[in-house]
Amino acid sequence: MAKIGGFFREYLKKQPLFKNKKALQASYTPDEIPHREEQMNHVAAVLAPALRLDKPSNLFLYGKTGTGKTLVVKHVVAQMLEIAEEKKLPLSIVYLNCKMKRVADTEYRLIVQLAREFGKEIPATGLPTDEVYKLFLNHLDNKERLIILVLDEIDQLVRKAGDEFLYNLTRINTELKNVEISLLGISNDLMFLDNIDPRVKSSLSEEELVFPPYNALQIQDILRCRSEEGFFENIVAGGVIEKCAAYAAREHGDARRALELLRVSGELAERKNKQIVEIDDIDEAEDKIEKDKVFDVVTTQPKQSQIALLSIFDITEKNTNHQPIFTGDVYEVYKETCMKVKLKPLTQRRVSDIIAELDMLGIINAKVISKGRYGRTRDITLAIPPSAVPNIRVNLKEALNL
DNA sequence: CGAGATTCATGTGAAGTATACCTTTAGGCTTAA
DNA sequence: AAGCCTAAAGGTATACTTCACATGAATCTCGTA
């Protein structure tokens, strides 16, 4: 016990590295957003009519991850809400991330979630979808107001639930007297607009704006800005920021990644009782981030997917001579594992879909190939660093009581 | 030897089923006049 | 008689299963050079 107490005392004596760790987190909205003035102005210009209570055009933003889309929108929105508050305007801006599992990944759940934002509870199941719409709209229509609906990662939702809900949303305006709704869609997928119903497309993207990736220099600027806020002075060694930026620029200019890299490097350095963050910490951080990310995705997966994944791990491990792994093999092992856990195995049909989902999540690569005379299947390989596997495996086994 | 037919193991789409949960409705019970 | 509670009826979304058909290159077949 005394030892632990001593540890805490030591801990408190140490110079902290972080001044404000929040500033280094992706969710943080800084006052300054470097290299995004143009986009910010554009967004502001499009949304501005809302402050006169005119319906702004629907706006559609796209760009790769970590190009500041969400950040710009949140910033603009925050400013607008402030003004609206000041002038007591009946303006509501709702931000919804469609990627969140079990929250907004079907049309039904999206509407339920929206209704909840406006203080109307709707059961999570059991009602017809149009009934849910009616409930939601009635709840809104009792008051005159203007709504800007921000749908982040909208491509995810459309992929799962189709584009019908977009059509319904754009149509709301014609059905309500007191309420006007503008949509602001955010997508990571540049090809997204090509694959949706043209009717929806034209109304959804009255205005479009592309966020180009940052280049290495711009990322450096961003990092410097944030590290000034986040770290105390002289903590970050020379070259560290440059290297973080270089890593991130290599991956299509993802600033979020760069920031995370810097923050985790700092955390690692702190844990090692170092007074400065050095270049070596970055490599370690990169490794850790990758592992954490996978870990997160894996542990939030439903049981059946976990079993499927565990089966794939098991096969990969035994499979020393790099034989390709096929759906059939996975299914066999999967069935065995299910027996062990005393869970009813799903059909191969379903497991096939689960494998496809795991592929989408980026945990595995599953390419459909044809083996000619010997049929066709998915060629499955792991898409995560092998060093991360043992850890995850152990965790999966624990989660499944194996 | 090569063009076309065949074949396999699974992909893929559609339709059906089970489950969990919702609202409505009707009946039965309680309560208060 | 009115009010309240409960259970049944009727309905939906979602996750999964069942059924049926699609795929596509390796292999086979067979006619031809």
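Refer to the structure printed above.
Residues numbered from 1 in each chain as written. Chains lettered and ligands numbered in written order. Predicted model: local features only at pLDDT ≥ 70, side-chain atom pairs only at ≥ 80, totals over all residues. Heavy atoms only, no water.

Asks: Describe in detail the environment of aspartate 353, supporting the description with residues and values.
Replies: Locating aspartate 353 in the fold gives a position in helix H15 (residues 348-361). Under the relative-accessibility criterion, aspartate 353 is labelled partly exposed at 28%. Here the alpha-carbon distance between aspartate 353 and serine 305, two residues 48 residues apart in the chain, equals 9.9 Å. Side-chain polar atoms of aspartate 353 contact the side chain of arginine 349, separated by 2.9 Å. (Helix = DSSP H or I, 4+ residues; strand = E, 2+ residues; numbered from the N terminus. Buried < 20%, exposed > 50% of the residue type's maximum accessible area, 1.4 Å probe, protein only. Polar contact = N/O pair within 3.5 Å; in protein donor to acceptor, adjacent residues only side chain to side chain.)

Asks: Any details on the pairing of strand S4 (residues 179-187)? Residues and values, ideally.
Replies: Moving residue by residue along a regular strand, the side chains alternate between the two faces of the sheet. S4 sits mainly inside the fold: eight of its nine residues count as buried. In terms of strand pairing, strand S1 (residues 59-63) meets S4 through four bridges, oriented parallel. Note on S4: the bridge partner recorded for leucine 61 is isoleucine 186. Of the strand pairs in this sheet, strand S3 (residues 145-152) and S4 are connected by seven bridges, and their pairing is parallel. (Pairing = 2+ DSSP bridges.)

Asks: Before we move on, could you go through the sheet that holds strand S5 (residues 207-211) and cite the residues and values that matter?
Replies: Pairing is parallel across the open sheet formed by five strands, whose spatial order is S2-S3-S4-S1-S5. Whereas interior strands pair on both sides, the edge strands pair on one side only; in this sheet they are strand S2 (91-97) and S5. Direction aside, the axes of adjacent strands within the sheet are offset by 15° on average. Sheet topology note: the S2/S3 ladder contains seven bridges and is parallel. Residue leucine 91 lies in a different strand from S3, and its bridge partner there is leucine 146. (Axes fitted to C-alpha atoms, helices over the stretch in contact; angles between N-to-C directions.)

Asks: Outline a nonpolar patch on the surface, listing residues and values.
Replies: A cluster of nonpolar residues, Ile4, Phe7, Phe8, Tyr11 and Leu12, forms a patch on the protein surface that exposes about 580 Å² of accessible area. Structurally, the position occupied by tyrosine 11 is in helix H1 (residues 2-13). (Patch = residues over 30% accessible without salt bridge, like charges linked within 9 Å, V, L, I, M, F, W, Y side chains within 5 Å. Areas by Shrake-Rupley, 256 points an atom, 1.4 Å probe, with all protein chains shown as cover. Salt bridge = Lys/Arg side-chain N within 4 Å of Asp/Glu carboxyl O.)

Asks: Quick rundown of the nonpolar core? Include the residues and the values.
Replies: Leu110, Leu151, Phe165 and Leu169 are the most contacted members of the largest nonpolar core, which totals 38 residues. For this core, the element with the most residues is helix H4 (residues 107-117), which contributes six residues. With 29 residues, the next largest nonpolar core counts Val298, Ile325, Ile354 and Leu396 among its residues. (Core = buried A, V, L, I, M, F, W, Y, C linked by side-chain atoms within 4.5 Å.)

Asks: Quick rundown of the packing of helix H14 (residues 327-341) against H15? Include the residues and the values.
Replies: Relative orientation of the contacting elements H14 and H15 amounts to 110°, with a least axis distance of 10 Å. On the basis of their axis angle, the class for H14 and H15 is roughly perpendicular. For H14 against H15, the interelement crossing comes out right-handed. Counted together, Thr327, Gly328, Val330, Tyr331 and Tyr334 of H14 and Gln348, Val351 and Ile355 of H15 form the full contact between these two elements. Its residues assigned to classes, the contact of H14 with H15 shows five nonpolar, three polar and no charged. (Parallel < 35°, antiparallel > 145°, perpendicular 65-115°, else oblique. Left-handed = near helix turned anticlockwise from the far one by under 90°. Contact = heavy atoms within 4.5 Å. Nonpolar A, V, L, I, M, F, W, Y, C, P; charged D, E, K, R; others polar.)

Asks: Describe unusual backbone geometry, naming the residues involved and giving the relevant values.
Replies: Not every positive phi belongs to a glycine, and lysine 88 is a case in point at roughly 55°. Its location among the elements puts lysine 88 in the loop between helix H3 (69-86) and S2.

These results come straight from atomic positions and should not be treated as a statement about function.
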